[in-house]
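Structure at a glance
Each chain, written out:
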Amino acid sequence: MGIIGVGNRGNSMTIGWAAVPGAKVVAVCDIRKARATNIANSLVSKGRERPAEYGGTADSYKQMLSDMDLDLVYIATPWEFHHEQGKAAMLAGAHVMVELPVATELAELWDLVDTSEKTRKHLMLAENCSYGRNELAMLKMAHEGVFGDVTNGHGGYLHDLRELLFADGYYTDDWRRKWHTRSTASFYAMHGLAPIAAAMDINRGDRMKTLSATATPPKGLADYRARFVPKGHRSWNEEYLNGDLVTCLISTEKGRIIRAEHDVSTPRPYSRINSLAGSRGLFEDYAGGGSTGARVYLEPDHGGHAWKDFAPSQQKIDHWLWKKVGEDAAANGGHGGMDYILQWRTIQSMRTGTTADIDVYDSAAWCAPVPLSVLSLADGGAPVEIPDFTRGGWVRPRVGLDSVALDMPAVV
């Protein structure tokens with residue numbers, strides 16, 4: 001493995017990658033070379049071989065790709081670099097996992113699809129939330145007909161990031177805050193959209209067809225700055241354009257509806273919403289109470305218009321990955337263990353030669369709301385067509401996150 005970008009996210013994920021059986025981090029790269037040295041030191045302190053270190057310029061990753069024979073490249077850089085670096089890694093002969101989003105423009109998304117097909121290399125969105133325990137249980141329940149005919153879902157990324165967005169040094173060069181000065185868009189709804197899309201078999205029998213977007217006024221960041229940021233701070237030269245809450249209403253070819261939301265600018269408890277409904281019941285996450293934080297209402301077992309705790313359903317239908325790797329995930333991965341589940345499963349798929357759970361078509365479709373929301377908002381919220389990145393292949397069922405249980409091959 002080679003790693004591009006070892007800031008906050010890349011640093012923690014590199015430690016996780018190195019802990020997966022059969023994975024070896026042989027190269028690390030960051031525009032700030034001291035970061036590459038620091039993560040190399042961390043790996044050595046954990047008993048791993050020292051990786052080659054690259055950095056110092058924006059093009060250092062190209063030297064890494066040229067020097068090293070890599071099976072997998074993991075990219076955790078600011079969003080504006082994802083397309084260029086992901087494409088370069090595929091052209092260098094590696095499979096690629098890219099943090100969200102894989103690209104921010106439609107032409108870039110198509111370019112990644114085309115390059116993946118040309119090189120026969122996977123490009124995978126690092127959608128860790130698709131591997132959350134509740135999300136995978138919800139997926140299995142949908143596929144086993146527990147909700148009846150699934151008709152609608154609701155997901156998003158509602159995370160108060162104001163303090164971090166204004167924290168000097170947390171987002172290098174203020175890269176994430178600066179996106180809020182560029183346009184009004186749903187930048188990061190994939191965490192909630194992806195699990196719902198997977199449960200609906202998007203790109204595996206159905207596809208996302210149209211998107212309509214709305215946005216509230218951009219009040220949150222400016223209000224936070226006025227109350228908590230000193231007047232001489234460089235952020236006072238910025239004007240914030242992105243709406244606090246950007247909502248995308250997505251229709252599918254089969255007539256289903258997905259509502260995807262993004263809000264990182266206002267005070268609120270964290271939520272990915274994660275709700276799925278059908279003709280025989282529904283699931284709602286982030287509802288509070290119980291060990292899972294989720295609730296269900298399912299016919300014929302439930303009645304009286306009263307919610308039930310999700311825990312019994314989760315225990316009954318738990319995904320094999322959490323049964324098999326759950327304890328290791330808690331010890332080696334962040335975000336409740338789903339980071340490590342994502343990493344373990346990715347390495348297992350590569351070592352066993354099985355198809356990636358999340359492929360370039362999923363990655364492109366789930367990230368398409370970024371540019372499409374811009375187009376819809378510019379036209380007063382009018383529906384815009386969502387490209388079929390599968391070129392008609394969506395009509396055919398195929399394996400995805402609802403995978404078959406496998407062992408990790410022994411390390412020799």
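Before reading further, recall that the structure is shown in the block above.
Residues numbered from 1 in each chain as written. Predicted model: local features only at pLDDT ≥ 70, side-chain atom pairs only at ≥ 80, totals over all residues. Heavy atoms only, no water.

Concerning the packing of aromatic side chains
Using the criterion set out here, one finds 17 aromatic pairs in the structure. Arranged with centres 5.6 Å apart and planes meeting at 55°, the rings of Trp-17 and Tyr-74 form a pair that is tilted. Taken together, the positions of Trp-17 in helix α1 (residues 8-19) and Tyr-74 in strand β4 (residues 72-75) put the pair 57 residues apart, joining distant regions of the chain. Geometrically, the ring pair formed by Trp-79 and Trp-179 is tilted, given 5.5 Å between the ring centres and 50° between the ring planes. With a gap of 100 residues between them, Trp-79 in the loop between β4 and α4 (82-91) and Trp-179 in helix α8 (residues 175-179) connect regions that are remote in the sequence. Exposure class is identical for Trp-79 and Trp-179. Each is buried. (Phe/Tyr/Trp six-rings, centres within 6.5 Å; stacked < 30°, edge-to-face > 60°. Helix = DSSP H or I, 4+ residues; strand = E, 2+ residues; numbered from the N terminus. Buried < 20%, exposed > 50% of the residue type's maximum accessible area, 1.4 Å probe, protein only.)

Let's talk about the packing of helix α3 (residues 60-67) against α4
Following both chains from N to C, one finds α3 and α4 inclined at 15°, their axes separated by 10 Å at the closest point. As the angle between them shows, α3 and α4 are arranged roughly parallel. The way α3 lies across α4 gives a crossing that is right-handed. Listed contacts from α4 to Tyr-61, Lys-62 and Leu-65 of α3 are Glu-84, Gln-85, Ala-88 and Ala-89. Residue composition of the contact of α3 with α4, by class: four nonpolar, one polar and two charged. (Axes fitted to C-alpha atoms, helices over the stretch in contact; angles between N-to-C directions. Parallel < 35°, antiparallel > 145°, perpendicular 65-115°, else oblique. Left-handed = near helix turned anticlockwise from the far one by under 90°. Contact = heavy atoms within 4.5 Å. Nonpolar A, V, L, I, M, F, W, Y, C, P; charged D, E, K, R; others polar.)

A look at the pairing of strand β10 (residues 257-263)
Regular strands place their side chains on alternate faces of the sheet. With respect to burial, β10 is a largely interior element, five of its seven residues being buried. Pairing between strand β7 (residues 150-158) and β10: seven bridges, direction parallel. Within β10, the position partnered with Tyr-157 by the bridge is His-262. Bridge analysis of strand β9 (residues 246-252) against β10 gives six bridges, and the strand direction is antiparallel. Each bridged residue has a counterpart across the sheet, and for Ile-250 the counterpart in β10 is Ile-258. Connecting β9 to the antiparallel partner β10 that follows it, the hairpin turn spans four residues, and Gly-255 within it adopts a positive phi of roughly 90°. (Pairing = 2+ DSSP bridges.)

Comments concerning helix α10 (residues 220-228)
Since the α-helix packs 3.6 residues into each turn, any two residues three or four apart lie on the same face. For α10, every residue scored as buried is listed here: Gly-220, Leu-221, Tyr-224 and Arg-225. The buried residues of α10 occupy one face: seen down the axis, they fall within an arc of 130°. Looking at the buried residues of α10, the elements they touch are α7 (162-165). (Arc of directions from axis to C-beta.)

Regarding unusual backbone geometry
Between Leu-100 and the following residue, Pro-101, the backbone shows a cis peptide bond with an omega angle of -20°. As for its placement among the helices and strands, Pro-101 is situated in the loop between β5 (95-98) and α5 (106-119). Here the residue pair Glu-299 and Pro-300 is connected by a cis peptide bond, since its omega of 10° sits within 30 degrees of zero. For Asp-201, which is not a glycine, the phi torsion comes out positive at approximately 60°. Here Asp-201 shows up in the loop between α9 (190-199) and β8 (208-215). The partly exposed category is assigned to Asp-201, whose relative accessible area is 27%.

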